[in-house]
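Chains, contacts and geometry: an overview
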Amino acid sequence: MTDTPVSDSDAFAEAWNEPQKSALSQGELDKLTDDLIEALKTVFDPEIPVDIYELGLIYRVDVSDDRDVVVDMTLTAPGCPVAGEMPGWVQDAVLKVEGVRSAHANLVFDPPWDPSKMSDEAKLALNMF
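Residues numbered from 1 in each chain as written. Predicted model: local features only at pLDDT ≥ 70, side-chain atom pairs only at ≥ 80, totals over all residues. Heavy atoms only, no water.

Considerations on the overall build of the protein
Put simply, the rule reads: In this text, helices come from DSSP runs of H or I with a minimum length of four residues, and strands from runs of E with a minimum of two, each type numbered from the N-terminal end. Under the scheme applied here, a residue whose accessible area is under 20% of the maximum for its type counts as buried, over 50% as exposed, and between as partly exposed, the area being computed with a 1.4 Å probe on protein chains only. A contact between two residues is defined here by any heavy atoms of the two lying within 4.5 Å. Residue-level accessible areas treat just the shown protein chains as cover; the underlying method is Shrake-Rupley with a 1.4 Å probe.
For the protein, the count of helices and strands is 5 helices and 3 strands. Listing the helices and strands of the protein from first to last along the sequence gives α-α-α-β-β-α-β-α. Across the 129 residues in the protein, those meeting the buried criterion constitute 29%. Within the protein, counting contacts between residues at least 6 apart in sequence, those at least 24 apart form 59% of the total. About 8,400 Å² of surface is accessible on the protein, with carbon and sulfur atoms providing 53% of the total.

Considering the nonpolar core
Applicable threshold: Take the buried residues of types Ala, Val, Leu, Ile, Met, Phe, Trp, Tyr and Cys, join any two whose side-chain atoms come within 4.5 Å, and each joined set is a nonpolar core.
Counting residues in each nonpolar core, the largest one holds 29 residues, and the members touching the most others are M73, V90 and V94. Those elements giving two or more residues to this core turn out to be α2 (26-40), α3 (52-55), β2 (68-73), α4 (86-95) and β3 (102-107).

What to know about unusual backbone geometry
When glycine is set aside, most residues are seen to have a negative phi, and most peptide bonds are trans. The omega torsion across D110 and P111 is 5°, close enough to zero to call that bond cis. The residue P111 is located in the loop between β3 and α5 (120-125) in this model. With a phi close to 70°, R67 is a non-glycine residue in the positive phi region. Structurally, R67 can be placed in the loop between β1 (58-63) and β2. Located in the positive-phi region is N127, a residue other than glycine, with phi close to 50°.

Such coordinate-based values are descriptive only and should not be taken to indicate function.
Structure below.
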């Protein structure tokens, strides 16, 4: 037996650097991604007639191998009147996607949202061109 830590072994280094395989096939992940985007597009800021996805309020969507979904999202302004409700709306929309086991929405404010994050579709809908 040696006093060398396992993390210093060549076998450990090889295993650590090897890409991890997902339990979801690329086809499953692509379909789930499309379905999640469609679900997020059903959520609207009540004061703006554009969905939160096209507004650029969705910063990150993580899907685990077990189909648990975590969404990092922001608001157009920290004082948004629906700040307490919108994460719940997002979670509800994500949970309607077939195969999703759980959903959680985190409100983040870094980086702050600004109109440059909107899609061209959103800018067109709001006459911002």
